[in-house]
Amino acid sequence: LDYTEGNRTPIARIQASRTVGAAPLRVQFSASESFDYDGADSLTYRWQFTGQSLQATGKNPVFTFTKPGTY
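Please read these numbers as outputs of a predicted model, since none were measured by experiment.

(A) Just the side chain of Ser34, in detail. Structurally, Ser34 can be placed in the loop between strand S2 (25-30) and strand S3 (46-47). Polar side-chain contacts of Ser34 include one of 2.9 Å to the backbone nitrogen of Arg13.

Here you go:
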């Protein structure tokens, strides 16, 4: 049993269609299993795949990694 005063933190559950491969690597992401215990709250999705800038929004973005590397 956990007591949290106020709004509870949402639970992020992320999946990727591929986790390894040669560049360019096109990956479909999904946050469809993410949820918020506070049912009246709605989730928003902001994705950053490389660096600090926003690169996608929405629950199921597709992103292509153009350079080899560990992300």
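After that view, the rundown keeps rolling.
(B) Quick look at the pairing of strand S5 (residues 62-65). Of the two faces of S5, the one holding Phe63 and Phe65 is buried and the one holding Val62 and Thr64 is not buried anywhere. Where S2 and S5 come together, four bridges link them in antiparallel fashion. Looking across to S5, one finds that Gln28 is bridged to Val62.

(C) Local environment of the packing of aromatic side chains. For the coordinates displayed, the defined rule picks out nine aromatic pairs. Ring geometry for Phe35 and Tyr37: centres 5.0 Å apart, planes at 90°, overall edge-to-face. Residue classification places Phe35 among the partly exposed residues on the basis of a relative accessible area of 26%. An aromatic cluster of at least three residues, connected via ring pairs, comprises Phe29, Trp47, Phe49, Phe63, Phe65 and Tyr71.

What counts and what doesn't
- Residues numbered from 1 in each chain as written.
- Predicted model: local features only at pLDDT ≥ 70, side-chain atom pairs only at ≥ 80, totals over all residues.
- Heavy atoms only, no water.
- Helix = DSSP H or I, 4+ residues; strand = E, 2+ residues; numbered from the N terminus.
- Polar contact = N/O pair within 3.5 Å; in protein donor to acceptor, adjacent residues only side chain to side chain.
- Buried < 20%, exposed > 50% of the residue type's maximum accessible area, 1.4 Å probe, protein only.
- Pairing = 2+ DSSP bridges.
- Phe/Tyr/Trp six-rings, centres within 6.5 Å; stacked < 30°, edge-to-face > 60°.

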